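Analysis of the macromolecular model
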Amino acid sequence: YRAWLSSERIADEVLLMLTDDTPYLRKVALFSILDQFASLATEDRKRQGITFKQLIIPGGSADPIAQGLLRYPGDVGIHLRQRLEEARRELIEVVLDSIYLPGRLDKTRSTVTLTDSTVMPAEEFVTNVVRELRNTYHGYYTDRFDKFLAIVSGIIPDTLPLLGALAFLAFIARPDLF
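Cut-offs and rules
Residues numbered from 1 in each chain as written. Predicted model: local features only at pLDDT ≥ 70, side-chain atom pairs only at ≥ 80, totals over all residues. Heavy atoms only, no water. Helix = DSSP H or I, 4+ residues; strand = E, 2+ residues; numbered from the N terminus. Rg over C-alpha atoms; globule rule 2.2 N^0.38 Å. Areas by Shrake-Rupley, 256 points an atom, 1.4 Å probe, with all protein chains shown as cover. Core = buried A, V, L, I, M, F, W, Y, C linked by side-chain atoms within 4.5 Å. Buried < 20%, exposed > 50% of the residue type's maximum accessible area, 1.4 Å probe, protein only. Contact = heavy atoms within 4.5 Å.

On to the overall build of the chain, then. Assigned secondary structure in the chain consists of eight helices and two strands. Mapped from its N terminus to its C terminus, the chain presents α and β elements in the order α-α-α-α-α-β-β-α-α-α. The C-alpha atoms of the chain give 16 Å as radius of gyration, which agrees with the globular expectation for 178 residues (16 Å, within 12%). Summarising its shape, the C-alpha atoms of the chain cover approximately 45 × 35 × 30 Å along the three principal directions. Of the roughly 9300 Å² of accessible surface on the chain, a fraction of 54% belongs to carbon and sulfur atoms.

And the structure:
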C-alpha cells in the first residue's frame, strides 16, 4: 500500500514538473520525487538523506536510475541515458561554478574546501549542496548552511528536474531497484 501511494504521488509530481513552466515549482517537484524514492528505498530517515544524494549523483554506489533506463531498448534507451549523464554533468558544472569564495575549488575542479577547512570531493559537495537546498526549499532549518550553502550562490540548473522524469521512467521499468 505504501509503495502504491508513493508511486501515485511520484506520478503527480512528474506531471506537475513536466507541465509547469516555473523553474522553482519544477525543482520543488523534483525534490519531492527524490524524497519519495528515498522513502521507498528505506524507512530509516538518515538513510533516506543518503539515498536522496545517491539518486542525484551515485558516487560509486549503485545507480538505480541508470540501471532502470537500461531496460529501454535502442535509440530511446541511448537517448535517455545520455540525457541522464548530461543532467548530472550540468549540475556539477553549475554548482561548482557558483562557488564564489576564492580558493575553495581546486584547479582540477575535483575537490572543494569547506568553511571549516574540510576538503571534500567535488561530486560529494554538489550532492550536499542540492540536499541542503532541498531542505531550504521545503522550509526546513539546516544547521549545515555555513558548511555548504555559504560558499555558493545557490544556483542549480533549471534543467535538473529532468532527473525526476528519468527516475520515474527507470522506476516504471525496474521498480525492484527502488
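This part takes up the nonpolar core. Core analysis: the largest hydrophobic core is formed by 49 residues, its most contacted members being Phe37, Ile65, Leu91 and Phe125. Counting residues per element, the ones that place at least two in this core are helix H1 (2-19), helix H2 (23-41), helix H3 (45-56), helix H4 (64-69), helix H5 (74-97), helix H6 (122-137) and helix H8 (162-173). Ignoring anything within four residues of it in the chain, the contact list for Phe125 reads Val95, Leu96, Ile99, Val112, Leu114, Met120, Phe148, Ile151 and Val152.

This brings us to the environment of Leu70. Turning to its location among the elements, Leu70 is positioned in the loop between H4 and H5. For the pair formed by Leu70 and Ala170, sequence separation is 100 residues and the distance between their alpha carbons is 8.2 Å.

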